[in-house]
Amino acid sequence: MSKTKRILLAFLVGLFSLPLLFLLAEGVAIPSSIPAAELIHRGIFIFGMGSYFLIAAYLLSQRDPQVVRNDWPTIVALSLTLTVTAAIALAVEPDKSAAMEAAGIALLAVASSFAGSALAARAARH
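Basis of the calculations
- Residues numbered from 1 in each chain as written.
- Predicted model: local features only at pLDDT ≥ 70, side-chain atom pairs only at ≥ 80, totals over all residues.
- Heavy atoms only, no water.
- pLDDT = per-residue confidence, 0-100.
- Helix = DSSP H or I, 4+ residues; strand = E, 2+ residues; numbered from the N terminus.
- Axes fitted to C-alpha atoms, helices over the stretch in contact; angles between N-to-C directions.
- Parallel < 35°, antiparallel > 145°, perpendicular 65-115°, else oblique.
- Left-handed = near helix turned anticlockwise from the far one by under 90°.
- Contact = heavy atoms within 4.5 Å.
- Nonpolar A, V, L, I, M, F, W, Y, C, P; charged D, E, K, R; others polar.
- Expected span 1.5 Å × (residues − 1).
- Bend = angle between axes of the 7 residues up to and from the residue.
- Buried < 20%, exposed > 50% of the residue type's maximum accessible area, 1.4 Å probe, protein only.
- Salt bridge = Lys/Arg side-chain N within 4 Å of Asp/Glu carboxyl O.

### Quick look at the confidence of the model for the protein
Right, so step 1: Mean pLDDT over the protein: 87, with 100% of residues reaching 70 or higher.
Right, so step 2: The element-level mean pLDDT for the protein is lowest in helix α4 (residues 67-70), coming to 78, with helix α1 (residues 3-15) highest at 91.

This is the structure we're talking about:
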């Protein structure tokens, strides 16, 4: 696959992270009778979003031992949607705690994308 097609595919896969974000944030119902319900919900959210970006970056970056160095535009395109959303939230959101949560989610997306690419590079070297 050419580099341009891979970047476009990464951007499209990144667009699907928004519905996943809303599904994990609102769709997972933990009964409030459980003492650690909020903690469990956040753990499921972090695991779901992190796994999505790690697996997507791994699949987009296979067979290249220097993928983090050579193919960083694909990694950026994958997490671009959530990064732009976080930047907009930081600029216009009056509630700064919600904006900081958006920035944390974007940071999780970028870190998971780089981790998936690094894992693919390691697999390609061995």
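### Some words on the packing of α1 against helix α3 (residues 37-60)
If you want to describe how two helices pack, look at the angle between their axes and the distance between the axes.
Right, so step 1: Running from N to C, α1 and α3 cross one another at 165°; their axes reach a closest spacing of 11 Å. One finds that α1 runs roughly antiparallel with respect to α3. In this structure, the crossing between α1 and α3 has a hand that is right-handed. Residues Arg6, Leu9, Ala10 and Val13 of α1 form the contact with α3, whose own contacting residues are Tyr52, Ala56 and Leu60.
Right, so step 2: When its residues are assigned to classes, the contact of α1 with α3 shows six nonpolar, no polar and one charged.

### Here we look at helix α5 (residues 72-92)
Right, so step 1: For α5, spanning 21 residues, the distance from its first C-alpha to its last is 29 Å, which sits close to the expected 30 Å at 1.5 Å a residue.
Right, so step 2: The principal kink in α5, of about 55°, is found at leucine 80.
Right, so step 3: Along α5, the positions that sit buried rather than exposed are Thr74, Ile75, Ala77, Leu78, Ser79, Thr81, Leu82, Ala86 and Ala89.
Right, so step 4: On its buried face, α5 sits against α1, α2 (17-27), α3, α4 and α6 (96-125).

### Things to note about the pattern of salt bridges
Right, so step 1: One pass over the full model with this rule turns up two salt bridges.
Right, so step 2: Here arginine 6 makes a salt bridge to aspartate 71, at a shortest N to O gap of 3.0 Å. One end of the pair, arginine 6, is in helix α1; the other, aspartate 71, is in the loop between α4 and α5, with 65 residues separating them in the sequence.
Right, so step 3: The salt bridge partner of arginine 42 is glutamate 38, with a shortest N-O separation of 3.1 Å.

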